[in-house]
Amino acid sequence: GLKIVTIGGGSSYTPEIVEGFIKRYDELPVRELWLVDIPEGKDKLDTVAGLARRMVREAGVPIGIHTTLDRREALPDADFVTTQLRVGLLDARIRDERIPLSHGYIGQETNGAGGFLKALRTIPVILDIDRDMAELCPQAWLINFTNPSGMVTEAVARYGKNKKVIGLCNVPIGMEMAIAKLLEIDQSRLRIDFAGLNHMVFGLHVYADGVDVTRKVIERIASGELGEVVKNIINIKWIPEFITGLDIIPCPYHRYYFKKDEMLATELEEFTKGETRAELVKQLENQLFELYKDPELKTKPPQLEKRGGAYYSDAACRLISSIYNDKHDIQPVDTVNRGAISGIASDSIVEVSSVITKSGPKPLTMGELPVQANGLVQQIKSFERVTIDAAVSGDYSTALLALTINPLIASDTAAKLLLDEMLEANKDYLPQF
Ligand code: NAD
Ligand code: G6P
Ligand code: MN
Ligand code: MN
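First things first, this report covers the structure right here in the doc. (Residues numbered from 1 in each chain as written. Chains lettered and ligands numbered in written order. Predicted model: local features only at pLDDT ≥ 70, side-chain atom pairs only at ≥ 80, totals over all residues. Heavy atoms only, no water.)

A few words on the pairing of strand β7 (residues 190–197). The side chains of a regular strand alternate between both faces of the sheet. Most of β7 is tucked away, with 7 of its 8 residues classed as buried. Pairing geometry for β7 and strand β8 (residues 200–208), over 8 bridges, is antiparallel. Within the sheet, the bridge partner assigned to I192 lies in β8 and is V206. Counting the residues between successive antiparallel strands, the hairpin from β7 to β8 contains 2 residues, one of them, H199, with a positive phi of roughly 60 degrees. Direction of pairing for β7 relative to strand β12 (residues 349–357): antiparallel, over a ladder of 2 bridges. When the sheet's bridge partners are listed, A195 is paired in β12 with V352. (Buried < 20%, exposed > 50% of the residue type's maximum accessible area, 1.4 Å probe, protein only. Helix = DSSP H or I, 4+ residues; strand = E, 2+ residues; numbered from the N terminus. Pairing = 2+ DSSP bridges.)

Going from N147 to P148, the amide bond is cis rather than trans, its omega being -10 degrees. Of note in the backbone geometry, H199 takes a positive phi value of approximately 60 degrees without being a glycine. Relative to the assigned elements, H199 resides in the loop between β7 and β8. Of note in the backbone geometry, D247 takes a positive phi value of approximately 65 degrees without being a glycine. With respect to the helices, strands and loops of the structure, D247 is situated in the loop between α9 (240–246) and α10 (255–258).

Around ligand 2 sit 16 residues, and of these N147, N170, N232, R277 and G308 come closest. In the model, an oxygen atom of ligand 2 is placed 3.2 Å from a nitrogen or oxygen of the H199 side chain. The side chain of R307 places a nitrogen or oxygen atom 2.8 Å from an oxygen atom of ligand 2. In the complex, the protein chains occlude 94% of the 390 Å² of accessible area that ligand 2 would expose alone. The class makeup of the residues in the shell around ligand 2 is 6 nonpolar, 6 polar and 4 charged. (Near = heavy atom within 4 Å. Polar contact = N/O pair within 3.5 Å; in protein donor to acceptor, adjacent residues only side chain to side chain. Areas by Shrake-Rupley, 256 points an atom, 1.4 Å probe, with all protein chains shown as cover. Nonpolar A, V, L, I, M, F, W, Y, C, P; charged D, E, K, R; others polar.)

With that settled, the discussion passes to the pairing of β12. The buried count for β12 comes to 9 of 9 residues, which makes it a mostly enclosed element. On β12, burial covers both faces: I349, E351, S353, V355 and T357 on one face and V350, V352, S354 and I356 on the other are all buried. Relative to β12, strand β10 (residues 329–336) runs antiparallel, the two sharing 8 bridges. Residue pairing across strands places V333 opposite V352, the latter belonging to β12. Where β12 meets strand β13 (residues 360–363), 4 bridges bridge the pair, whose relative direction is antiparallel. Pairing of T357 across the sheet is with G360, part of β13. In this structure, the hairpin formed by β12 and β13 is closed by a connection of 2 residues.

So, about the side chain of D132. Looking at the element boundaries, D132 is found in helix α5 (residues 112–136). Separated by 2.7 Å, the side chains of D132 and R71 make a polar contact. With sequence-adjacent residues up to four places away left out, D132 is seen in contact with R71, R72, L75 and C137. (Contact = heavy atoms within 4.5 Å.)

Attention shifts here to the coordination of the manganese ion (ligand 3). Bound to the manganese ion (ligand 3) on the protein side are C169 (SG) and H199 (NE2), at distances that span 2.2 to 2.4 Å. Taken as a pair, C169 in the loop between β6 (165–167) and α7 (171–183) and H199 in the loop between β7 and β8 lie far apart in primary sequence, 30 residues in all. (Donors = N, O, S within 2.8 Å, 3.2 Å for Na, K, Ca; no water.)

Moving on to empty space enclosed by the protein. Scanning the model with the defined rule gives 2 cavities of 30 Å³ or more in all. Empty space within the largest cavity amounts to approximately 190 Å³. Around the largest cavity, the lining comprises 18 residues; the ones closest to its centre are L226, G227, N235, W238 and R255. By residue class, the composition of the lining of the largest cavity is 11 nonpolar, 3 polar and 4 charged. Roughly 120 Å³ of internal volume is contained in the second largest cavity. Forming the walls of the second largest cavity are 13 residues, and the residues nearest its centre are T110, N198, H199, I380 and E384. Looking at the lining of the second largest cavity residue by residue, the class counts come to 6 nonpolar, 6 polar and 1 charged. (1 Å grid on protein atoms, 1.4 Å probe; cavity = no way out; pocket = protein on both sides within 12 Å on 5 of 7 lines; lining within 4 Å. Points joined across faces, edges and corners; volume = space filled by probe spheres on them.)

Right under this line is the structure:
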């Protein structure tokens, strides 16, 4: 049986991953699931572990649920380590969203200044985890969900010891679900060629039973028929002719770039009401934990689907199962480019459809991205690389450069204003600065 370690185990998302392992127990025999958290997360960890134990007992599967506040106790002999931690907890996310908005810039936890600060806080921690893994479980795969997932994964790939690292996001799986629903077919009959970066991914082609249906899907997205992909991003309709011109499928996060003014206006309205996404998530999380405490609850409650990361466990469990079973199926993951997308450094992380084998993902060759996608993707990748370098070095100029080249800031004066305020607000979590 397998040993899985989940760091950030007190997350309200954990019942999802437990359900994922229960559903796949026959093909993926998990013997031990270790949930790791920090002292500040102890109450959440205990509540989630209680529910997890009731879930496995109810399902009748022999998965042992263990908890610890010391990850070094959990890591020895792990087969897979998944990361879903939030450095600074939700209060740090509230600041990531509110500080940029207070100056009139988009406040989002993975894009713009918010995502930048989350990277600065998180990269030192993921590199500590990487060092512990190299010592205690060098054979294990690190499956990272911690946002900004592309940058956090790239930090390990470029600066860490462990080369067995894969990033994940629920956006591609959400796009598969929404497009399958649009076409009224089962998701298993659909294949999308994904290429780009995390939260900056495009669907280049769509196949139903192997037949190219890209044209039809683009026409139907243009006419506004695609349903919601993730709960945390408002589904403002695209201009039909824009989608026809774009000629590839955008992800929900592209709205921050291609609908910047509307997104900012919506966020500013929420900001004034004290209803930023982070603040709503705080309320939602309190409701979820009230439910989780109920000793009669023995399955994942449907209310968890209100979180943006719903279905992340399907992405995690299908990836882990394909590695374990050497399936050679195709899945979108965040992996080292190695030439799959021309024009992006071969050591950078890209989000790309890959063949999943027991030795990891082998990205499909995508060539150069279409010109309409290439420019923005290149600019965001420059921002990501410079941000990672700033997070590792703690160098102020590098940090200022990163934020200035981000297209949602695009000004050295604005970048300095935001950077200084955000470094001060986060000083407890930035040992490198
Ligand atoms: P959360 O605020 O519930 O945090 C999860 C847990 O991490 C908490 O219990 C917290 O105490 C713990 N934690 C904080 N620092 C830690 C550390 N150093 N070591 C171990 N545990 C630590 O967060 P959440 O809303 O469950 O989200 C967790 C993370 O997953 C975030 O980074 C979020 O952005 C990310 N996420 C990613 C995706 C994706 O698509 N990749 C989807 C959902 C969530
Ligand atoms: C999904 C993303 C995650 C993100 C999450 C936010 O869109 O893929 O990367 O963290 O939703 O959801 P939340 O409910 O926390 O706002
Ligand atoms: Mn994501
Ligand atoms: Mn084509």
